[in-house]
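Topology and contacts: notes
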Protein chains: 2
Amino acid sequence: MPKPPSAARKRSVHGSRTGRPIMALLDLLGRRWTLRIIWELRDGALTSRALRTVCDQASPTILQTRLTELREAGFVELVSGEGYALTALGRELIETFLPLHRFAERWSNT
Amino acid sequence: MPKPPSAARKRSVHGSRTGRPIMALLDLLGRRWTLRIIWELRDGALTSRALRTVCDQASPTILQTRLTELREAGFVELVSGEGYALTALGRELIETFLPLHRFAERWSNT
DNA sequence: GCGTCTTGCTACAGATATTGTAGCGTATCG
DNA sequence: CGATACGCTACAATATCTGTAGCAAGACGC
């Protein structure tokens, strides 16, 4: 029962005003720390505090917000005793942009 | 480790505090409208106003900000007479997450 | 029981980032 | 000339994010 974060601009995670799922997905991923969180979970579960550590001490406020969004989207789940982990869907998602790693390496040399 | 003021983030697109290029990339892409802009340019150049139209009337302020960042990153360029277009590097980037489209379609049915 | 951990999670105020509207200067057409 | 479109910016009003502090619940040894 997390309080509704100012419902005005809150878009349902799946639905998009345009009806194009890709827009809803890009919107979700295009929020600060979202991509980073998914990325850091690629190798296994992390507790909320471990996640905070690897995420450069990001504030727990925004981390919780993003984790809630990602859980509602079905990409992340809270595993009792382990912490946060990617769901099957979440692993599918990150596999689509794992090649980003190699791209980033080449990009940094330009 | 203290976070650098926002000006520093804008200046060094490549540099990352951690030295991990992927983090700099995820940081850049994890800003509002960035992913969306790249996505909308996937089929060819768009003028700044056309871009605004397809981007749900996003404010020109933030569009300019993102376009500047993307130009500094080398993903987007301003082609005289055509508008904004992806560079070769930018096309390379979007190809790594074009599969997201199909993923989004399946995701919306869950 | 007690105290001390760690966990997930929240409150709060101050600092940033984004929005929406309006408009500039330039160029290109008729 | 007037009309239009371009890239781009100023400005104040919002919305979002940060950083610090702290809560309640559970697990551990004592």
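Residues numbered from 1 in each chain as written. Chains lettered and ligands numbered in written order. Predicted model: local features only at pLDDT ≥ 70, side-chain atom pairs only at ≥ 80, totals over all residues.

1. What to know about the overall build of chain A
When helices and strands are counted, chain A shows six helices and two strands. When its helices and strands are written in sequence order, chain A yields α-α-α-α-β-β-α-α. Counting only residues that meet the buried cut, chain A has 29% of its 110 residues in that class. Long-range pairs, those at least 24 residues apart, make up 46% of the contacts in chain A between residues at least 6 apart in sequence. (Helix = DSSP H or I, 4+ residues; strand = E, 2+ residues; numbered from the N terminus. Buried ≥ 20, exposed ≤ 12 C-beta atoms within 10 Å, placed from the backbone. Contact = placed C-beta atoms within 7 Å.)

2. Description of the interface of chain A and chain B
Each side of the interface is counted separately: chain A has 29 residues, and chain B has 29 residues. Take the side of chain A that touches chain B: its biggest share by element is seven residues, from helix α6 (residues 100-108) of chain A. Here the side of chain A that touches chain B is composed, by residue class, of 16 nonpolar, eight polar and five charged. (Nonpolar A, V, L, I, M, F, W, Y, C, P; charged D, E, K, R; others polar.)

3. Here's the deal with unusual backbone geometry
For Asp 56 of chain A, which is not glycine, the phi dihedral falls at a positive 65 degrees. Among the secondary structure elements, Asp 56 of chain A is positioned in the loop between α3 (48-54) and α4 (60-73). With 15 C-beta atoms counted inside 10 Å, the residue Asp 56 of chain A sits in the partly exposed group. Here Trp 33 of chain B, not a glycine, exhibits a phi torsion of approximately 80 degrees, which is positive. Position of Trp 33 of chain B among the secondary structure elements: in the loop between α2 (21-29) and α3 (34-40). With 21 C-beta atoms counted inside 10 Å, the residue Trp 33 of chain B sits in the buried group.

4. Some details on helix α5 (residues 60-73) of chain B
All names here are of chain B. End to end, α5 covers 20 Å across 14 residues, agreeing with the expected 20 Å (1.5 Å per residue, within 8%). The complete set of buried residues in α5 reads Arg 66, Leu 67, Leu 70 and Ala 73. The buried residues of α5 occupy an angular sector of 120 degrees when projected down its axis, which confines them to one face. For α5, the exposed residues lying more than 90 degrees away from the buried face are Thr 61 and Gln 64. Buried residues along α5 sit in contact with α2, α3, β1 (76-79) and β2 (83-86). Two residues or fewer after α5 comes Gly 74, characterised by a positive phi angle close to 90 degrees. (Expected span 1.5 Å × (residues − 1). Arc of directions from axis to C-beta.)

5. Some words on the pairing of β1 of chain B
All names here are of chain B. Two elements, β1 and β2, share four bridges in a ladder whose sense is antiparallel. Following the sheet pairing, Val 79 is matched in β2 by Gly 83. Taken together, β1 and the strand that follows it, β2, pair antiparallel across an intervening segment of three residues, in which Gly 81 is found at a positive phi of about 90 degrees. (Pairing = 2+ DSSP bridges.)

6. Quick look at the confidence of the model for chain A
Residues and elements named next belong to chain A. Summing up the model confidence of chain A, the mean pLDDT is 85 and the portion of residues at 70 or higher is 83%. Ranking the elements of chain A by mean pLDDT puts α6 last, at 92, and α4 first, at 97. This stretch, residues 1-11, has a pLDDT under 50; its non-local contacts, to residues over four places away or in other chains, come to six contacts. (pLDDT = per-residue confidence, 0-100.)

7. Side note on the relation of the copies chain A and chain B
The two copies are related by a screw motion: chain A maps onto chain B through a turn of 180 degrees and a shift of 0.0 Å along the axis, at an RMSD of 0.0 Å. In short, the pair behaves as if placed about a two-fold rotation axis. Considering only C-alpha atoms, the residue of chain A closest to the rotation axis is Gly 30 of chain A, which sits at 2.3 Å. Looking at chain A, 100% of its interface residues are interface residues in chain B too, so the copies touch through the same face. (Least-squares fit on C-alpha atoms with pLDDT ≥ 70 in both.)

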